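Secondary and tertiary structure notes
Here are the chains, one letter per residue:
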Amino acid sequence: MISQCMIVKNEEKNIERALTWGREIMSEQIVVDTGSSDCTVEKAKSMGAKVYSFKWTNDFSAAKNFAIEQAKGEWIVFLDADEYMSPDSVKNLQTVIKKVKTTPQLSEKVLAITCDLVNVDDNDRPQSVYDIIRVIKNVPCIRYAGIIHEQIEVDAENIMRSDDLEVIHTGYSVSAIAETNKHERNIKLLREALKEKPDDLTLKAYLADSLKHKEDEESQREAEEYFREVIENSANSVFYRLRIKAYVHFLNKYVNDKNKRKECEELALKALSEYPSNVDFEYFLASVYNYQGKHKKAWDLLKDCEERLANNGEIGDSAYVSADMTTLYGQLILAAQGLSDTENVIHFALQTLRHDKTRMDILTPLIVNIIKGGKSEDELIKSLESVYNFNDPRDLLIIAKAAKTCGATELAIKIVKIAEAVMNPNT
């Protein structure tokens, strides 16, 4: 038996999907409402969920632990209302739990299962990926701790990683944040917690992570002050993923500032000395080398990142590059250009366009490099056919626009004629 649990407040927009994705495999669905003023409760009840009310006490763990206490299943899947599993992950979930139950060395030891949590934007494109516990055994010793950014308290030896489970999280998209005012809520709770524990670096790191999303200068300054404090203190003084977030915050900012490149290089090297297997830090160091003209050093680092990501190698809690490979491909293109390696410029440009064919910043130099490589228009078109549908006028117009932009006028005219023939096949 598997119980699905969640805590909610004003989630009428998400509740139907939240109760639909896993309905077929759940023995019960438990919804704990913490004070909704919309139709969340009514919708949940109409879908057959067991709905409980819980007075909100500014403590996420208290609400979640109350939900756990209502569950009767042997295992509990605890997702938020703005999270869901794909159909493949739902099938895999049954397999993973069955494996744990029927394998003696696992059944005696495993109390929690981690999976990938993929944060997506408004276009469902991955922004970051984190390893997180979302499946737990229903035993009294497994509970949440922390009033905010709550975590399951369980020893590492009792946690099993599953590569077959993936949870999609929509709650950090721009539209979701605007609708829920999530960061303001978190900031308020974290400030209250800091009053009681003013030296708690974990709370400061969480506060910085919320403040960085605000646009005013004071919030940005405060976020950087807390993140800097996190980095300057001992690595053991804060949850390591928050320390990684602090590093990424500064590296992402410094790498795009030509006056901060040296500082970015030093910070990336410092981060790698602490987390040598982290692909994100290797990527930022390579990016700095690219901008410094050290393209061979950048290439070697980036190829190592690509190989580890492609072959499920050790990536050291990478959440930035692993979410969107086109980020890595962009730097590989820069490195290849710096090394006059036209073949790899073309290869990685095509890889990028397979993820997003509308990227004019990639398509335009791709056309230039293919032409520069001595290929004919027919050969160029053949290369582009691996990405674009030449029977779709929309795809053809994207190519025509890019060709015109980079001065390939004859190609642009040819593509427009193909598009016209597709749209008017009888003329």
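Here, every reference points to the structure presented above.
None of the values given here were measured: they were computed from a predicted structure.

Things to note about the pattern of salt bridges
Close approach of charged atoms allows side chains with opposite charge to pair. Per the counting criterion, the structure on display carries 35 salt bridges. In this structure, the salt-bridge partner of Asp131 is Arg241, at a minimum N-O distance of 3.8 Å. Here Arg241 lies in helix H10 (residues 240-254) and Asp131 lies in strand E7 (residues 126-137), a separation of 110 residues in the sequence. The class of Arg241 is buried, set by a relative accessible area of 16%. A salt bridge links Arg241 to Asp317, with the shortest nitrogen-to-oxygen separation between them at 3.0 Å. Highlighted residues: Arg241 in helix H10 and Asp317 in the loop between helix H13 (295-310) and helix H14 (325-338), separated in sequence by 76 residues. A cluster of three or more residues bridged by salt bridges with shared partners is formed by Asp116, Asp131, Arg161, Asp163, Arg241 and Asp317.

Some points on the sheet that holds strand E3 (residues 50-53)
The sheet built from eight strands is open, its strands ordered E3-E2-E1-E4-E7-E6-E10-E5 with mixed pairing. Either end of the sheet is taken by a strand with one partner, and the two such strands are E3 and strand E5 (83-85). Between one strand axis and the next, the sheet turns by 30° as a mean value, whatever way the strands run. In the sheet, strand E6 (residues 112-120) pairs with E7 via nine bridges, with the strands oriented antiparallel. Residue pairing across strands places Asp116 opposite Asp131, the latter belonging to E7. In the packing of helix H4 (residues 87-102) onto the sheet, the strands contacted are strand E1 (2-8), strand E4 (75-78), E5, E6, E7 and strand E10 (159-169), and the crossing angle to E10 comes to about 160°.

What counts, and at which threshold
- Residues numbered from 1 in each chain as written.
- Predicted model: local features only at pLDDT ≥ 70, side-chain atom pairs only at ≥ 80, totals over all residues.
- Heavy atoms only, no water.
- Salt bridge = Lys/Arg side-chain N within 4 Å of Asp/Glu carboxyl O.
- Helix = DSSP H or I, 4+ residues; strand = E, 2+ residues; numbered from the N terminus.
- Buried < 20%, exposed > 50% of the residue type's maximum accessible area, 1.4 Å probe, protein only.
- Pairing = 2+ DSSP bridges.
- Axes fitted to C-alpha atoms, helices over the stretch in contact; angles between N-to-C directions.
- Contact = heavy atoms within 4.5 Å.

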